[in-house]
Amino acid sequence: MSSATPELTPQLPYTMKLTIITFLSASLTLAAAESSTKQQPSRPNVLFIACDDMNDWVGFLGGHPDTLTPNMDRLAARGVTFTRAYCASPICGPSRAAVLTGLKPETSGVYNNQGTYSDFVPDATSLPMFFKQNGYLVMGAGKINHAMGCVVPENYHEFGPDAGAIGGPFTWEELNMNPGTKVTRKDIAGISNTIESGIVKNVYPGKQIKRGTLSATLPLNGIDNRIDRPANGYNTFDWGPLDISDNEMPDGKMAAWAEQKLKSQFTSPFFMAVGFYRPHQPWYAPAKYFKPFEGRQLSLPPTIKNDLADCPKSAHHYAHYPWSGSFATVQKYQQWQDAIRGYLASIHFVDAQVGRLLDALDASPYADNTIIVLWSDHGWELGEKEHWGKHSPWEGSMRVPLAIVPPKNANLPSQRSDAFASLLDLYPTLADMCDLTPPNKLDGLSLKPIVDGESQSVRDHIVTTLGRSTFSIRKADAKLIRYYDGSEEFYDLSKDPHEWHNQINAPEYNNTINELRKLAPIDSRFKQFVRYRHYKGIVHANGELKVCDLLHPKSGIGERFESMVDKPEITNFIKAYIKKHKPAARYFTIPADATL
């Protein structure tokens, strides 16, 4: 493996700070990378396009009949569409950590949104760093790691626009629900414009914003965000159109930046990662992207009454905790149609930005020698399983769009593949397609044999992890969900694609269920897991007990141990119960009315 930098004239010396950074991009990057006299390198370039919280509501997967994604559809039609692609975790942080390291949560220890992968596996060579070490010019923009921008600056030669304030045109102060609060973010280090907040009426709800062409009263949907998440701090459970242009949105700025970069003449192959923030909540987008969905009833996701009646208690915690707002509140305020309209409009908007990248690539010198990858970090549920958001073990949260387009000069036919694919597989796949040797001990598998048409599949099952020791295992159409307390669900997706009928106790599936149980992932750092009411106890291998409150008003199902600082009596009770009863099972539940 070569650690040489790309051929730069001169090599770029750049410094980065974890506050707003000004890269020497305008002059130095072009001077460093352009040379019209040299031939384009033979190794393929990589255009790595990420979307956030985008489920299968894209045309090429047919997840919603009203969606409009012509640009993603034409991208997918040029390569391989994986119809059974899954994230490693339906949570932003661990999912993106898995993509960037090629390591599953059980290997990396990244189970929630705290920190970055480098805090857990500092010796891991990230995907951008891998290409950087192999002579690629590595550029990025937006949300690639879990953050609003660049938080691991050494991964890149240059990092462009960040994702702003939760992907929208507002500032942090404008979105803040606490009047007069000055907000300082430390998870951004890209090209950010210093925007002065235009607060006219500093109250919430009813906060009036007027700044330039931007005029709005928050929340746009009329729902006080403090109802579901009083400790969240920001107006994020919101949706509605805004009279602004594409380039007034952070994703539009990213697309414009990438368009300019693709006009450059590079002397080395490039790896360009563009991390669009939409369709992550809040669903703000320019008004023109709402218009196709206005004035008509949109199709609602399929649901049934009392869907969770046959699901264990732990399932209710994941389904009903308002991590991103709750489905119950959406229904209470009769916002289901408007929310779906906001989600579809946000997908339509980000589709247009993807189209800008495709057009710029096709007009560039790199049109014939560039791999394109389109992916989302996980899905999103809009009422299915009584759930609103990600963070669940069901298909709507775990299944993702994934398309891999080989270089045009490879002359490979496009295809649709029903092979299982994991986002873990992106790292070894790109290394393989670029004829590079990846680091040892990656958990993913190369999908190149499928892309090349040499194989129908590379894995016979898929595992997705939700926090510590809750996971789903899918093999063919059989799906097992096991929660951290040992309770389970089983679905035959060939007969029950919406996961409405839990068949865990059906004798005809016993053999299949036992086969799936043998595929359960194990993290040896943990010895036991216990549920007591809505508290999750984790016994580490050294015997240390840590507890988190899965209904904590701020962190909840995010499994944050600091959620128990003010409840030492709960931790002490669980510890005393374990000491007295000495349970041998790895997963167990303490009865809600248990005493010592």
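Before reading on, note that the structure itself is shown above.
Below you will find a few notes about this structure. Just so it is clear, the structure is predicted and the values come from calculations on it, not from any experiment. (Residues numbered from 1 in each chain as written. Predicted model: local features only at pLDDT ≥ 70, side-chain atom pairs only at ≥ 80, totals over all residues. Heavy atoms only, no water.)

Attention now moves to helix H3 (residues 92-101). Along H3, ten of the ten residues are buried, which leaves the element largely enclosed by surrounding structure. Those residues of H3 hidden inside the fold are in contact with strand S1 (45-51), helix H5 (117-120), helix H6 (127-133), strand S11 (370-376) and helix H13 (426-433). Directly after H3, the chain includes Gly-102, whose backbone phi takes a positive value near 70°. (Buried < 20%, exposed > 50% of the residue type's maximum accessible area, 1.4 Å probe, protein only. Helix = DSSP H or I, 4+ residues; strand = E, 2+ residues; numbered from the N terminus. Contact = heavy atoms within 4.5 Å.)

The subject of this paragraph is the sheet that holds strand S20 (residues 526-532). In spatial order, the strands read S22-S21-S20-S23; together these four strands make up an open sheet with mixed pairing. Two strands bound the open sheet, and with one partner strand each, they are strand S22 (545-549) and strand S23 (587-590). The sheet shows a mean angle of 25° between the axes of neighbouring strands, direction not considered. Where strand S21 (residues 535-540) meets S22, five bridges bridge the pair, whose relative direction is antiparallel. Note on S22: the bridge partner recorded for Gly-537 is Val-547. (Pairing = 2+ DSSP bridges. Axes fitted to C-alpha atoms, helices over the stretch in contact; angles between N-to-C directions.)

With the rule as written, the count across this model stands at 31 aromatic pairs. Relative to Tyr-136, the ring of Phe-131 lies with its centre 4.8 Å away and its plane at 75°, an arrangement referred to as edge-to-face. Take Phe-131 and Tyr-136: they sit in the same class, and that class is buried. Seen from their ring centres, Tyr-156 and Phe-159 are 5.0 Å apart, and the 75° between their planes marks the pair as edge-to-face. Of the two residues, Tyr-156 and Phe-159, neither departs from the other in class, the shared state being buried. By way of ring pairs, the aromatic residues Trp-57, Phe-237, Trp-239, Trp-283, Phe-327, Trp-336, Tyr-343, Trp-380 and Trp-388 are connected into one cluster. The aromatic ring of Phe-420 is capped on one face by Arg-84, whose charged end is 4.2 Å from the ring centroid. (Phe/Tyr/Trp six-rings, centres within 6.5 Å; stacked < 30°, edge-to-face > 60°. Lys NZ or Arg CZ within 6 Å of the ring centre and 35° of its normal.)

Moving on, we come to unusual backbone geometry. The step from Leu-218 to Pro-219 runs through a cis peptide bond, and the omega angle for that step is 0°. For Pro-219, the location among the structural elements is in the loop between strand S7 (214-218) and strand S8 (239-242). Along the chain, Gln-281 connects to Pro-282 via a cis peptide bond; the corresponding omega equals 0°. Structurally, the position occupied by Pro-282 is in the loop between strand S9 (270-275) and strand S10 (283-286). Positive phi is not limited to glycine here, since Lys-385 has a value of about 55°. With respect to the helices and strands, Lys-385 occurs in the loop between strand S12 (381-382) and strand S13 (388-389). Backbone geometry at Ser-469 places phi at a positive 65°, although glycine is not the residue there.

What follows deals with the pattern of salt bridges. Under the definition given, this model contains 33 salt bridges. Where Arg-96 meets Asp-52, a salt bridge forms, and the shortest distance between an N and an O atom there is 3.7 Å. Taken together, the residues Arg-96 in helix H3 and Asp-52 in the loop between S1 and helix H2 (70-76) connect sequence positions 44 residues apart. Taking the relative accessible area as the measure of exposure, Asp-52 reaches 0% and is therefore buried. Between Asp-53 and Lys-390 there is a salt bridge, with its nearest N and O atoms 3.2 Å apart. One end of the pair, Asp-53, is in the loop between S1 and H2; the other, Lys-390, is in the loop between S13 and helix H12 (395-398), and 337 residues separate them in sequence. According to the relative accessible area criterion, Asp-53 is buried, its value standing at 0%. Each of Arg-84, Glu-395, Arg-474, Asp-477, Lys-479 and Glu-499 takes part in one network of salt bridges that share partners. (Salt bridge = Lys/Arg side-chain N within 4 Å of Asp/Glu carboxyl O.)

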